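Structural features, examined
Here are the chains, one letter per residue:
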Amino acid sequence: IQDPGSGLVESAAQALGRIGDRGACATLLNLLWDTEYPLSRRERSAVLEALGSLGGAEVSHALLTLLHASNDTEEKESIVRALGAIGDTTPLTQLLKELEVHPPRPLLLALLRAIGELDGTSSCELLRAKLNSVGNDPIVLPALADVLARVGDTESLLPLLTHLQSIESPVARKQVAV
C-alpha cells in the first residue's frame, strides 16, 4: 500500500472510507504519522477524508493532535473538513480557537463549515464577532451566514442584513440572503 506514486494509498483510503471499515482507523492514522514512507498531499487528503467518514472519538483526538502539529494550511483544511464530517462536538472548542487567529481564507471557510456541521450553537457569540471582522468579503460572508443560519442564531439577522446591503457582488448578496 505504501508504494510511492502508485495511487494505492489514495484508492485504498477512499474504499475504506466508503465501506465504513472502522477497523482501518489505526492503520490510516499510522499512515499520517509515518516518516519512513511520507504520503503525498493527495494521499494525505484521501486518508483524512476516509478518517472523517469513519469517525470516532479516537480519530477526533488524533486529528486534533495533527491539527496542532501541522504548519501546512492545505493539510489543516483537510483535517478540519474531516473533523466536521465526523460530527463529534469534542473538537468544537479547538476549531473556535483556530478561528480566532485569523486564518487564511481557505482555512477560514473550512473552519466555518466544520463549526456549522458540528452544531456550534454555543459558538454564536464568537461567530457574530467574526461577522464584524470579515467585513463584506464576498466569499467568507455567505459561508458565515450559512453557519449562523444552521445554528439558528436569530441575533445575527440584523448584522447580516447590514452587511448584505453593502455587498457589491449580486451572487454573494443572493447567497447571504438565502
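For the structure, see preceding data.
Structure report, in brief.

**Considerations on the pattern of salt bridges**
All told, the structure shown has 7 salt bridges when counted by the stated rule. When the shortest N-O distance is used, the salt bridge between Glu10 and Arg42 registers 3.0 Å. Highlighted residues: Glu10 in helix α1 (residues 8-19) and Arg42 in helix α3 (residues 41-54), separated in sequence by 32 residues. The exposed category is assigned to Arg42, whose relative accessible area is 58%. Note that Glu58 is salt-bridged to Arg22, the shortest N-O span being 2.6 Å. One end of the pair, Glu58, is in helix α4 (residues 57-69); the other, Arg22, is in the loop between α1 and α2 (25-33), with 36 residues separating them in the sequence.

**Concerning the environment of Ile79**
When you line up the elements, Ile79 lands in helix α5 (residues 73-86). Through-space distance from the C-alpha of Ile79 to that of Ala110 is 9.2 Å; in sequence the pair is 31 residues apart. Sequence-distant contacts of Ile79, defined by excluding residues within four places in its chain, comprise Leu48, Leu63, Leu66, Leu67 and Ser70.

**Points about the layout of surface pockets**
Its boundaries defined by the atoms lining it, the second largest pocket holds a volume of some 150 Å³. For the lining of the second largest pocket, the elements supplying multiple residues, two or more each, are α3 and α5. Top contributing element to the lining of the second largest pocket by residue count: α5, with 5 residues. Split by residue class, the lining of the second largest pocket holds 1 nonpolar, 2 polar and 7 charged.

**With respect to the nonpolar core**
Counting residues in each nonpolar core, the largest one holds 50 residues, and the members touching the most others are Leu28, Leu32, Val47, Leu51, Leu63, Leu95 and Leu112. In terms of residues, this core owes the most to one element, helix α7 (residues 105-117), which gives 8 residues.

**A look at unusual backbone geometry**
Although it is not a glycine, His102 sits at a positive phi angle of roughly 55°. Tracing the backbone through its elements, the reader meets His102 in the loop between α6 (92-100) and α7.

**A word on the packing of α1 against α3**
One way to put it is that α1 packs onto α3 with a least axis distance of 8 Å and a crossing angle of 10°. Considered as vectors, α1 and α3 are oriented roughly parallel to each other. Between α1 and α3, the residues in contact are Val9, Glu10, Ala13, Gln14, Leu16 and Gly17 and Arg42, Glu43, Ala46, Val47, Ala50, Ser53 and Leu54, respectively. Residues of the contact of α1 with α3, tallied by class, amount to 7 nonpolar, 3 polar and 3 charged.

**Regarding α5**
A rise of 1.5 Å per residue sets the reference length of α5, with its 14 residues, at 20 Å; its end C-alpha atoms lie 20 Å apart and thus fit the reference within 8%. Counting buried positions along α5 yields 10 of 14 residues, so the element is predominantly enclosed. Looking only at α5, the buried set comprises Glu75, Lys76, Glu77, Ser78, Ile79, Val80, Ala82, Leu83, Gly84 and Ile86. Close packing links the buried residues of α5 with α3, α4, α6 and α7. Sitting at the head of α5, Asp72 places a side-chain oxygen 2.9 Å from the backbone nitrogen of Glu74. Just past α5, the residue Gly87 takes up positive phi, approximately 85°.

Reading the values: the criteria
- Residues numbered from 1 in each chain as written.
- Predicted model: local features only at pLDDT ≥ 70, side-chain atom pairs only at ≥ 80, totals over all residues.
- Heavy atoms only, no water.
- Salt bridge = Lys/Arg side-chain N within 4 Å of Asp/Glu carboxyl O.
- Helix = DSSP H or I, 4+ residues; strand = E, 2+ residues; numbered from the N terminus.
- Buried < 20%, exposed > 50% of the residue type's maximum accessible area, 1.4 Å probe, protein only.
- Contact = heavy atoms within 4.5 Å.
- 1 Å grid on protein atoms, 1.4 Å probe; cavity = no way out; pocket = protein on both sides within 12 Å on 5 of 7 lines; lining within 4 Å.
- Points joined across faces, edges and corners; volume = space filled by probe spheres on them.
- Nonpolar A, V, L, I, M, F, W, Y, C, P; charged D, E, K, R; others polar.
- Core = buried A, V, L, I, M, F, W, Y, C linked by side-chain atoms within 4.5 Å.
- Axes fitted to C-alpha atoms, helices over the stretch in contact; angles between N-to-C directions.
- Parallel < 35°, antiparallel > 145°, perpendicular 65-115°, else oblique.
- Expected span 1.5 Å × (residues − 1).
- Polar contact = N/O pair within 3.5 Å; in protein donor to acceptor, adjacent residues only side chain to side chain.

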